[in-house]
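Listed below, chain by chain, are the residues.
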Amino acid sequence: MSELWRRCLERLEGELSAEDLHTWLMPLQAREDINGLHLFAPNPYTLDAVREQYLPTIRGVVDHLAGREIPVRLEVGSSAPRAAPPRPASSMPSATRPSEPSLPVEPEYAHNLDPHYTFETFVEGKSNQLGKAAAMQVAMNPGRAYNPLLLYGGTGLGKTHLMHAAGNLIVANNPGTRVLYLRSEQFVSGMVRALQTKSMDEFKRRFRSVDALLIDDIQFFAGKDTTQEEFFHTFNALFEAKQQIILTCDRYPKELDKLEPRLKSRLGWGLSVAIEPPDFETRAAILLSKSHDKGMAVSEDVAMLLARRIRSNVRDLEGALNTLAARANFYGKPITTDFAEETLRDLLNTHAQAVTVPNIQKTVADYYQVRLSDLLSKRRVRSLARPRQMAMALSKELTEHSLPEIGEAFGGRDHTTVLHACRTIRGFCEKDVRMRQDWEQLIRILTG
Amino acid sequence: MITQLPLALRWPRRQRFDQFFPGAANAAALAIVEGAATGGNGCVYVAGPAGSGKTHLLIAACQAATDAGLSAQYLGLRHVRGARSEAIAGVGGSHLLALDDVDLVTGDADAELALFATYNRYLDAGGVLLLAAEALPVALPVQLPDLRSRLGACTQARLVALDDGERRHVLQAQARHRGIVLDEVVLDWMFARYPRDLGALLDLLDRVDRASLAAQRRVTIPFLRSLLREG
């Protein structure tokens, strides 16, 4: 750090708040030469913030300290190659500005798979067994079994885990294999930077020279035409060379708006598998597995308590577990059901509050665009009967209410009617893709 | 050769861990944030009502990280001029990032996306992300499901507002710390004007401190009245 700049910062401490200093001025790099003091901001936003709010003060202090007028120049960039402090390694989505232009454009090969995400650590249940089986097949026969493999489903259900697990298995079977994992935002920002620095050839070459390309959350490609164009060509090149492509998306890609039709059709060439929200047993098993990994002593009773009350996704389960661990650690208490109930009372209540029968009825009515009063009426036309059965089945799935209570809440119906609704909907979900998607989407809306 | 001393700019003096009065209910939250500040990684989500000490804990964590030789940044979203998404994307590169007023990203698609990307960056890099908001993640109306689920994965540190007795205790202690004598009548008067928000009371105390020093006067109700009229 320039000595002048160091003294300037010390002086500014008396004039500016510490938040301002640390957040906007400390990240600046400084170089001093015969032309004056050069300050380098890590990104355009910081540059603007410093120029608008602090530059006059900085100039004043610098001149004062030097005893003469010293030009101060501010630009985006880096002062010189130097030992960097630990800094985040990935990049930004295109909606935001690239914040660290000095970083290498591409992530490194074969080093960015998370070794913790393997098939062994993946908790299998009905909701995800097909996804796991497909990912394993792909990992055993990369480029041959299914290409591309597309895993889709709501956030926090294990898509990324399966993707890394497949990548890790590919590498374990063939240690020389080049597997590249990245989030879609990294692909986007890497391309934006390649365009800025006129290094598109390099960008193309890097992506096309891998044996397996894993891209997470491709829904963020929606509406980004240039990115889609480039990804389309990358996809074709990899596909033709029989290199494996694994993608994840938060929904069935055909339903993604603002995605080019030709890309959608390519995505359908291989296998698309839905990862569904885990059922109760799987949630409990996930909790036990994660608590085991964290070295926590969590009983089955506690796991069942959390699994019953938190239905949204695996991340919420993990957050609850982390919070429980931190609190138990602080109080030095064992994690009993009472302790969990007490500690997570607000969390569990908020989760429970979100899913009430009236809430389900209203959400289902909105979803199918029928009137709530019709949904609760005695009318038996098909256009109402199906949504009504859906709402009943969801009430059974998502609340603690008994069949008679649910029947009561639906205009005083018999409990056998509710039971019939649950069975009908379950039957439909097994046969009818459309119905299953409605079911999943509604669960997502109600629990997310 | 000149040995360069590491620069250790001070964070606000009032907001340190040892100045945080946890009362009966907030000791665990204090311990969780304290642990994350110097020894942890991952994301801690501090939730609590206005005036319960969220900003205090965030700033104290920045100070503790700085003391431990780690870089730290604090961004209060309510103070951001212009687009919040750009401010969120503009901070970073530090070991610890404290983002205050996270409630304010909800419904702003760009800001939600920027926070999602920031979350990923910090967790990928093994850094620490401290977030603070009034509502728990599950009750925060976040539109981007990817962000909502990530907020749900954070370790939660819940804060509750101190009760009246505890807030009086804090105010008295802070006043003594500054060498100000506050008698009960003056305290009653202050509490009548700022019934809930301890942060606002402490800001007032800072002003009182400066003004009474400048005026060389004891703190009385007429003095406070004239001070607030001027403000």
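Analysis parameters
Residues numbered from 1 in each chain as written. Chains lettered and ligands numbered in written order. Predicted model: local features only at pLDDT ≥ 70, side-chain atom pairs only at ≥ 80, totals over all residues. Heavy atoms only, no water. Helix = DSSP H or I, 4+ residues; strand = E, 2+ residues; numbered from the N terminus. Rg over C-alpha atoms; globule rule 2.2 N^0.38 Å. Buried < 20%, exposed > 50% of the residue type's maximum accessible area, 1.4 Å probe, protein only. Contact = heavy atoms within 4.5 Å. Areas by Shrake-Rupley, 256 points an atom, 1.4 Å probe, with all protein chains shown as cover. Arc of directions from axis to C-beta. Domains from an automatic or database assignment. Buried area = accessible area lost by both parts, 1.4 Å probe. Salt bridge = Lys/Arg side-chain N within 4 Å of Asp/Glu carboxyl O. Polar contact = N/O pair within 3.5 Å; in protein donor to acceptor, adjacent residues only side chain to side chain. Pairing = 2+ DSSP bridges. Axes fitted to C-alpha atoms, helices over the stretch in contact; angles between N-to-C directions. Core = buried A, V, L, I, M, F, W, Y, C linked by side-chain atoms within 4.5 Å.

Tell me what's going on with the overall build of chain B, and back it up with residues and numbers.
Counting secondary structure elements, chain B contains nine helices and five strands. In chain B, the succession of α and β elements from N to C terminus is α-β-α-β-α-β-α-β-α-β-α-α-α-α. Relative to the 2.2 N^0.38 estimate, which gives 17 Å for 231 residues, the radius of gyration of chain B is 19 Å and therefore close to what a compact globule would have. Taken over the C-alpha atoms alone, chain B extends approximately 55 × 55 × 35 Å along its principal axes. Counting every position in chain B, which comprises 231 residues, the buried fraction comes to 56%. Here the analysis covers contacts within chain B between residues at least 6 apart in sequence; of these, 72% occur between residues at least 24 apart. For chain B, the accessible area works out to roughly 9400 Å², and carbon and sulfur atoms hold 52% of it.

Quick one: what's the story with helix α8 (residues 200–208) of chain A, residue by residue and with numbers?
Residue and element names in this part refer to chain A. The complete set of buried residues in α8 reads Met-200, Phe-203 and Phe-207. Each buried residue of α8 lies within a common arc of 60° when the element is viewed along its axis, so the set occupies one face. Those residues of α8 that are buried lie in contact with β5 (179–183), α7 (184–196), β6 (212–216) and α9 (225–240).

Tell me about the domain arrangement of chain B, residues and numbers included.
All names here are of chain B. Domain assignment breaks chain B into domain 1 (7–158) and domain 2 (164–230). Each of domain 1 and domain 2 has a C-alpha centre, and these two points are 29 Å apart. Contact residues are listed per partner, giving six residues for domain 1 and twelve residues for domain 2. Buried area between domain 1 and domain 2, both sides added, is near 740 Å², and the carbon and sulfur share of it is 48%. Together, Arg-14, Gln-19 and Phe-21 form the three largest contributors to the area buried by domain 1 at its contact with domain 2, with a combined 72%. The interface formed by domain 1 and domain 2 holds zero salt bridges in total. For the pair domain 1 and domain 2, the number of links is two residue pairs in polar contact (both at pLDDT 80 or more).

Give a description of the sheet that holds strand β2 (residues 72–76) of chain B that names residues and reports values.
All names here are of chain B. The parallel open sheet is built from five strands, whose spatial order is β2-β3-β4-β1-β5. Single-partner strands in this sheet number two, and they are β2 and β5 (155–158). Ignoring strand direction, the axes of neighbouring strands in this sheet form an average angle of 15°. Relative to the sheet, helix α1 (residues 27–39) contacts β1 (42–47), β3 (96–100), β4 (128–133) and β5, its axis offset from that of β5 by approximately 135°.

I'd like a description of the pattern of salt bridges, backed by residues and values.
Residues and elements named next belong to chain A. Across all of its chains, the model carries 30 salt bridges over all chains by this definition. The closest approach of N and O atoms between Arg-436 and Glu-276, which form a salt bridge, is 3.4 Å. Taken together, the residues span a long stretch of sequence, with Arg-436 in helix α21 (residues 433–447) and Glu-276 in the loop between β8 (271–274) and α11 (280–293) at a distance of 160 residues. Looking at Glu-276, the relative accessible area reads 23%, which means it is partly exposed. Within the structure, one salt-bridge network assembled from shared partners comprises Glu-3, Arg-6 and Glu-10.

Any chance you could break down the sheet that holds strand β2 (residues 36–41) of chain A for me, citing the residues and the numbers?
Residues and elements named next belong to chain A. Taken together, three strands build an open sheet; the order of strands is β1-β2-β3 and the sheet is mixed. Because the sheet does not close on itself, it has two edges, and the strands there are β1 (29–33) and β3 (72–76). In this sheet, adjacent strand axes meet at a mean angle of 20° when their direction is disregarded. Both β2 and β3 contribute to a ladder of five bridges, which runs parallel. Residue pairing across strands places Leu-39 opposite Leu-74, the latter belonging to β3. Of the strands in this sheet, β2 and β3 are in contact with helix α3 (residues 44–53), which crosses β3 at around 155°.

Break down the side chain of Ser377(A) for me, with residues and values.
Residues and elements named next belong to chain A. Note on placement: Ser-377 falls in the loop between α17 (372–375) and α18 (382–398). Reaching out from Ser-377, the side chain makes a polar contact with the backbone oxygen of Asp-374 at a distance of 2.6 Å. In this structure, Ser-377 is in contact with Leu-384, Arg-388 and Arg-413, ignoring residues within four places of it in sequence.

Which residues make up the nonpolar core, and what values do they have?
Among the nonpolar cores identified, the biggest contains 60 residues, and Trp5(A), Leu12(A), Leu25(A), Leu39(A), Ile58(A) and Leu131(B) are the most heavily contacted of them. The dominant element in this core, judged by the number of residues it contributes, is helix α4 (residues 109–124) of chain B, at seven residues. When sequence neighbours within four positions are dropped, the list of residues in contact with Ile58(A) reads Trp5(A), Cys8(A), Leu12(A), Leu25(A), Leu39(A), Val50(A) and Val72(A).

Tell me about the environment of His351(A), residues and numbers included.
Note that His351(A) resides in helix α15 (residues 345–354). The sequence separation of His351(A) and Ile310(A) amounts to 41 residues, and the corresponding C-alpha distance is 6.3 Å. Apart from the residues within four sequence positions on either side, His351(A) is in contact with Arg309(A), Ile310(A), Ser312(A), Asp316(A) and Val138(B).

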